[in-house]
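Chain and residue survey
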Number of protein chains: 2
Amino acid sequence: MSRKSKTRYSILVMLSIEPMSGYDMKQFTKEVISNFWSESYGQIYTTLKTLIEEGLVTGKEIEEGKKPYKTVYEITSKGSRVLGEWLCEPISRQVPRDELSLKFFVGPLIPLEVSLQHILAHKEQQKKQLDKLKKAINRMEEEVPEEVPHKAYWITGSRLGILVREARLKWCDEMESLIRGKISKSKN
Amino acid sequence: MSRKSKTRYSILVMLSIEPMSGYDMKQFTKEVISNFWSESYGQIYTTLKTLIEEGLVTGKEIEEGKKPYKTVYEITSKGSRVLGEWLCEPISRQVPRDELSLKFFVGPLIPLEVSLQHILAHKEQQKKQLDKLKKAINRMEEEVPEEVPHKAYWITGSRLGILVREARLKWCDEMESLIRGKISKSKN
DNA sequence: CTAGATATATATCTAATAGATATATAAACA
DNA sequence: TGTTTATATATCTATTAGATATATATCTAG
């Protein structure tokens, strides 16, 4: 079974929303789908080349005003078919690599004050992401017209991000009280 | 800033618990820390070589009975120091790559029956993991002696896995009713 | 008792990925 | 005016995922 790049499909997903340049795709991952996906330039530009060779995507150069050229990519009907097939395949597990959990697996090796800092930093970060997701849902509810078939999925998708971050925040509270308990015990 | 392999540190973490062979480490990731970490043989054996070169780890060949030799690795004091430094560094963000979310971002392109299958499969998988984690906590509470300083961290660590999986299960319910609603609408 | 499956153990290879950097122009800014 | 930020593409390397190869030992079902 030959492994298949997921970058291929993430590009097809993005182009199924609207035509974009490689730069646009990087922005899209950063601003719209950063909640659950990430791509680097290295992945985007090299994968675009193979997608064109395979006829799943076409690119045309565009010039607007004095700006330098850019290439806007579009998904082909073959590309849509390939995307459709992949969407129907079972979801493959995501490999877990949670650095926070790895570090606290040997929690006794971390000075208590540092442990506390780790937790507080994680809390802050999760809160920020939570806030961003809630705002995104509000914006979608107001601005995306009801006729857009993606709307309900986009909102529910953001809900997953919210629920997971709320869970992590709850866990941070548990870990924080474990650590604070150990700190106060150590002061006796 | 040169990138540093996280496999290095995951090996040091495992060896800080107890000496192990490469094979043991693979088993350890699969059975003990699969909740939040994963390593492949390719990573383990090649990284072990560089860790030995750097003096962070030593390996000695062992023979038990008729069994073929194996090499058991131990962390050195230098290794412990390096691990301790890494444990105090801020936690770097984990790159998000959630295939389930990516697919449902273009939910309208998936046939409703297939969407339902995806959700039901994910639900099943999360339930299994949840069950495994709950059992692991029970086992730890009973079998790990109170004097082991890691105990409270191990239990709280498993709690994170539980909370996150419960959140995902709750989301599955939301997504399931969205899809079932669309299915019944489509039958009118 | 024996063929096949599973567990122990190490090693290696390739495709995929993360993250950094290089390059160049245009626009914003201070 | 010089500096930073945004647009845009391209490329390179270290890291990682996943597969496969090899060999022995042990378990198990016919």
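Cut-offs applied
- Residues numbered from 1 in each chain as written.
- Chains lettered and ligands numbered in written order.
- Predicted model: local features only at pLDDT ≥ 70, side-chain atom pairs only at ≥ 80, totals over all residues.
- Heavy atoms only, no water.
- Buried < 20%, exposed > 50% of the residue type's maximum accessible area, 1.4 Å probe, protein only.
- Helix = DSSP H or I, 4+ residues; strand = E, 2+ residues; numbered from the N terminus.
- Contact = heavy atoms within 4.5 Å.
- Domains from an automatic or database assignment.
- Buried area = accessible area lost by both parts, 1.4 Å probe.
- Near = heavy atom within 4 Å.
- Nonpolar A, V, L, I, M, F, W, Y, C, P; charged D, E, K, R; others polar.
- Axes fitted to C-alpha atoms, helices over the stretch in contact; angles between N-to-C directions.
- Parallel < 35°, antiparallel > 145°, perpendicular 65-115°, else oblique.
- Salt bridge = Lys/Arg side-chain N within 4 Å of Asp/Glu carboxyl O.
- Polar contact = N/O pair within 3.5 Å; in protein donor to acceptor, adjacent residues only side chain to side chain.
- Least-squares fit on C-alpha atoms with pLDDT ≥ 70 in both.
- Core = buried A, V, L, I, M, F, W, Y, C linked by side-chain atoms within 4.5 Å.

This part covers helix H2 (residues 22-31) of chain A. Three or more residues of H2(A) are buried, namely A:Gly22, A:Met25, A:Lys26, A:Gln27, A:Phe28 and A:Thr29. Buried residues along H2(A) sit in contact with helix H1 (6-17), helix H3 (41-53) and strand S2 (70-75) of chain A together with helix H5 (99-105) of chain B.

Where the parts come together, the accessible area they lose is often given as the size of the interface. All names here are of chain A. Taken domain by domain, chain A comprises domain 1 (7-88) and domain 2 (99-187). The centre of domain 1, based on its C-alpha atoms, is set 30 Å off from the matching centre of domain 2. Taken together, the contacts link four residues of domain 1 with eight residues of domain 2. Together domain 1 and domain 2 conceal approximately 350 Å² of surface at their shared face, both sides included; 41% is due to carbon and sulfur atoms.

Around DNA strand D, the surrounding shell holds 25 residues, and the nearest of these are A:Arg3, A:Lys49, A:Thr71, B:Ser5 and B:Gln43. Sugar plus phosphate, as a fraction of atoms of DNA strand D within 4 Å of the protein: 64%. Those elements giving two or more residues to the surface near DNA strand D turn out to be H2, H3 and S2 of chain A together with helix H1 (6-17) and helix H3 (41-53) of chain B. Here the surface near DNA strand D takes four residues from H3(A), the largest share from any one element. Here the surface near DNA strand D is composed, by residue class, of seven nonpolar, nine polar and nine charged.

Residue and element names in this part refer to chain B. Viewed as axis vectors pointing N to C, H1 and H3 meet at an angle of 85°, and their least axial separation amounts to 10 Å. The angle between H1 and H3 falls in the class roughly perpendicular. For the pair H1 and H3, contact is made by Thr-7, Arg-8 and Ile-11 and by Gln-43, Ile-44, Thr-47, Leu-48 and Leu-51, respectively. Partitioning the contact of H1 with H3 into residue classes produces four nonpolar, three polar and one charged.

Counting from both sides, the interface comprises 65 residues of chain A and, opposite them, 65 residues of chain B. Summed over both partners, the interface of chain A with chain B comes to about 6500 Å²; 69% of that surface belongs to carbon and sulfur atoms. Taken as a group, A:Arg97, A:Phe105 and A:Tyr153 account for 15% of the area that chain A buries against chain B, more than any other trio of residues on that side. Where chain A packs against chain B, one counts six salt bridges. For the salt bridge of A:Arg159 with B:Glu174, the shortest nitrogen-to-oxygen distance reads 2.5 Å. On inspection of chain A and its partner chain B, the count reaches 27 residue pairs in polar contact (both at pLDDT 80 or more). Among the secondary structure elements, those contributing two or more residues to the side of chain A that touches chain B are H1, helix H4 (77-88), helix H5 (99-105), helix H6 (112-143) and helix H7 (151-186) of chain A. Along the lines of polarity and charge, the residues of the side of chain A that touches chain B split into 37 nonpolar, 15 polar and 13 charged.

The next subject is the protein's contact with DNA strand C. The full set close to DNA strand C counts 24 residues, and A:Ser5, A:Gln43, B:Arg3, B:Lys49 and B:Thr71 are the nearest of them. Protein-adjacent atoms of DNA strand C, using a 4 Å cutoff, are sugar or phosphate at a proportion of 63%. Here a phosphate oxygen of DNA strand C and a side-chain polar atom of A:Gln43 are 2.5 Å apart. Within the contact set of DNA strand C, a phosphate oxygen lies 3.2 Å away from a backbone nitrogen or oxygen of B:Gly22. Those elements that provide at least two residues to the surface near DNA strand C are H1 and H3 of chain A together with helix H2 (22-31), H3 and strand S2 (70-75) of chain B. Among the elements that make up the surface near DNA strand C, the one with the highest residue count is H3(B) (four residues). Its residues assigned to classes, the surface near DNA strand C comprises six nonpolar, nine polar and nine charged.

Another aspect to go through is the relation of the copies chain A and chain B. Screw-axis analysis of chain A against chain B gives a translation of 0.0 Å along the axis, an RMSD of 0.0 Å, and a rotation angle of 180°. Interpreted geometrically, this transformation is the action of a two-fold axis. In terms of C-alpha distance to the rotation axis, chain A has A:Val164 as its closest residue, with the C-alpha 2.8 Å off the axis. An overlap of 100% is found between the interface residues of chain A and their copies at the interface of chain B, pointing to a shared contact surface.

This paragraph deals with the side chain of B:Lys103. With respect to the helices, strands and loops of the structure, B:Lys103 is situated in helix H5. With near-sequence residues (within four places) excluded, B:Lys103 lies in contact with A:Trp86, A:Leu87, A:Glu89, A:Pro90, A:Ile91, B:Ile110 and B:His118.

Here the focus is the nonpolar core. Core analysis: the largest hydrophobic core is formed by 103 residues, its most contacted members being A:Met25, A:Phe104, A:Trp171, B:Met25, B:Phe104 and B:Trp171. If sequence neighbours within four positions are ignored, A:Trp171 has contacts with A:Leu100, A:Phe104, A:Ile119, B:Thr156, B:Gly157, B:Arg159, B:Leu160 and B:Leu163.

For A:Glu146, the position within the fold is in the loop between H6 and H7. With 32 residues separating them along the chain, A:Glu146 and A:Val114 place their C-alpha atoms 48 Å apart.

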